[in-house]
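Notes for the structure review
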Amino acid sequence: MRIGIIALLSLFILGCGEKPAETSAVAAEKQQNFKWKLVTTWPKNYPGLGSAPENFAKKVEAMSGGRLQVKVFGAGQLVPAFEVFDAVSQGTAQMGHGASYYWTGKSKATGFFTAVPFGLNAQEMNGWLHYGGGLELWRELYDQFNLIPFAGGSTGVQMAGWFNREINSMEDIKGLKMRIPGLGGDVITRAGGISVTMPGGELYTSMQTGVIDATEWVGPYNDLAFGFHQVAKYYYYPGWHEPGPILELIVNKDAYATLPADLKAIVETAARAVNQDMLDEYTARNNTALVELVETHGVDVRKLPDEVIAELSRLSDEVLAELATDSEIAQRIAESVAAFKQQAMAYHGISEEAYYNARNQ
Ligand code: CA
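Since we're looking at a predicted model, the values are computed, not measured.

Considering the coordination of the calcium ion
Only Gln158 (OE1), Glu216 (OE), Glu216 (OE), Trp217 (O), Glu242 (OE) and Glu242 (OE) from the protein reach the calcium ion as donors, at distances of 2.2 to 2.9 Å. Classification of the site at the calcium ion as irregular follows from its 6 donor atoms and the range of 46 to 165 degrees in their angles at the metal. In the primary sequence, the donor residues of the calcium ion line up as Q-x57-E-W-x24-E. For the residue pair Glu216 and Trp217, the accessibility class agrees, reading buried in each case.

Given below as C-alpha cells:
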C-alpha cells in the first residue's frame, strides 16, 4: 500500500511538473517576434494597389501587438516588380503583393486568378474564391512554388484602356501594340494585335514615346494618378478583359509554417480585410476621378463598338478552351470558373443586372 501511495504521489508530482513546462513553451512562442519583408509589383505608396500592402502591414502589426512586423518594399526597392514571385518563392522575402497573371510564364493557369475575360465581376470573384472552391484550386496550383496565396484586393470592373488609335472595328486591333497582361493579352494577340506585359511604373513613358499604342491599367482613380490622359487620346470602356480582377498576397510556405496559430489567423484576417477595403476604396474614388478626367482634363471617353465586344468575347472563348488543355489543373480551374459563372449569371440576371436596368430606366 505504501509503495502504491508513493507511486501515486510520484505521478502527481510528475503531472504537476509537466504543466508549467507546457505553459512556458506556449508563452515563449507568444513572445517570439517576427520581422517579415513584403515585396510588391507597385511603386511604393501607389494609390489603391500600393496602399493595400501598407494597410495589411499596419493591421498585422496592430493586431499582433508588434509580434509580427511587416516591412513593405515598392517595386525595385528590394527586387524588381516582376521578380516578386521568385523572391517570395525562394524566401528572399516572406510575402509579396501583385497580380497572379504576371506569372503565366511559371504556369499558364495563374491567369485564371486575376481575371478571366468576360468572366466574373469583383463580387462574383470573391464568392468563387471564398465560397466556391476557387481559393483551394489557387493554393493547389501555387503549392509547387512553395507559396500560399490570399486574395489581396479588387479594383472592380476596369476600363478597356487608353488608346492612341481609334477602335472602330476589329481591323483597328490588327498590329496594335498594347500593354495588356494575362488572358486579355492572349485575346488581343489572337485578334492580330501585339500584347505586351510591363509593370505599371513603365507605362507612362512607353505611351509617351510610342513604344506602345495602347495600355490598359485599372480605372479612373489609378489611371489619373499615372497621368495617362496626358499621353493618350481616347479612354475606352468597358474592361471586358478584367471585369473584377483580384490581386494577390502571397506568403512563403516555410515562413508561414513558423508562425504560431494566432499570427496565422491575424495574417488571414488582415488579408481578408484589405481585400474588401480596396474594393470599397475604388468604388468611392473611381467616381470622383472620372469626373476630374472628363471635366478638368477633357478626356474623350468612348465605348468599344458592340461588334468589337462580340468578337473579343468569341476569341476569349477560344483562348479559355485552349488554356483548359494546358494541364490537368488548368482544366479543373476552367470548369470550376465556368460552372460558377453560369450560376452567377442566372441569379445576377434577376438580381444585380435586373436592378441596374431598373435603376437606369
Ligand atoms: Ca488591369
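Observations concerning the side chain of Glu124
By secondary structure assignment, the location of Glu124 is in helix α4 (residues 122-131). No salt bridge is formed by the buried Glu124; its nearest oppositely charged neighbour, Lys341, is found at 8.4 Å. Other than its neighbours up to four places away in sequence, Glu124 contacts Gly119, Phe340, Ala344 and His348.

Details of helix α10 (residues 261-296)
Given a rise of 1.5 Å per residue, 36 residues ought to cover 52 Å, and the 51 Å separating the end C-alpha atoms of α10 matches this to within 8%. Arg285 marks the point of greatest bend in α10, at about 30 degrees.

Some words on the sheet that holds strand β9 (residues 234-237)
Here 6 strands make up an open sheet; going across it, the order is β7-β6-β8-β5-β9-β11 and the pairing mixed. A strand with exactly one partner marks an edge of an open sheet, and here the two such strands are β7 (194-196) and β11 (300-303). Both strand β5 (residues 161-163) and strand β8 (residues 214-215) contribute to a ladder of 2 bridges, which runs antiparallel. Of the residues in β8, the one forming a bridge with Trp162 is Thr215.

Procedures and definitions
- Residues numbered from 1 in each chain as written.
- Predicted model: local features only at pLDDT ≥ 70, side-chain atom pairs only at ≥ 80, totals over all residues.
- Heavy atoms only, no water.
- Donors = N, O, S within 2.8 Å, 3.2 Å for Na, K, Ca; no water.
- Tetrahedral: all angles 85-135°; square planar, octahedral: opposite > 155°, others 65-115°.
- Buried < 20%, exposed > 50% of the residue type's maximum accessible area, 1.4 Å probe, protein only.
- Helix = DSSP H or I, 4+ residues; strand = E, 2+ residues; numbered from the N terminus.
- Lys, Arg positive; Asp, Glu negative; His and termini not counted.
- Salt bridge = Lys/Arg side-chain N within 4 Å of Asp/Glu carboxyl O.
- Contact = heavy atoms within 4.5 Å.
- Expected span 1.5 Å × (residues − 1).
- Bend = angle between axes of the 7 residues up to and from the residue.
- Pairing = 2+ DSSP bridges.

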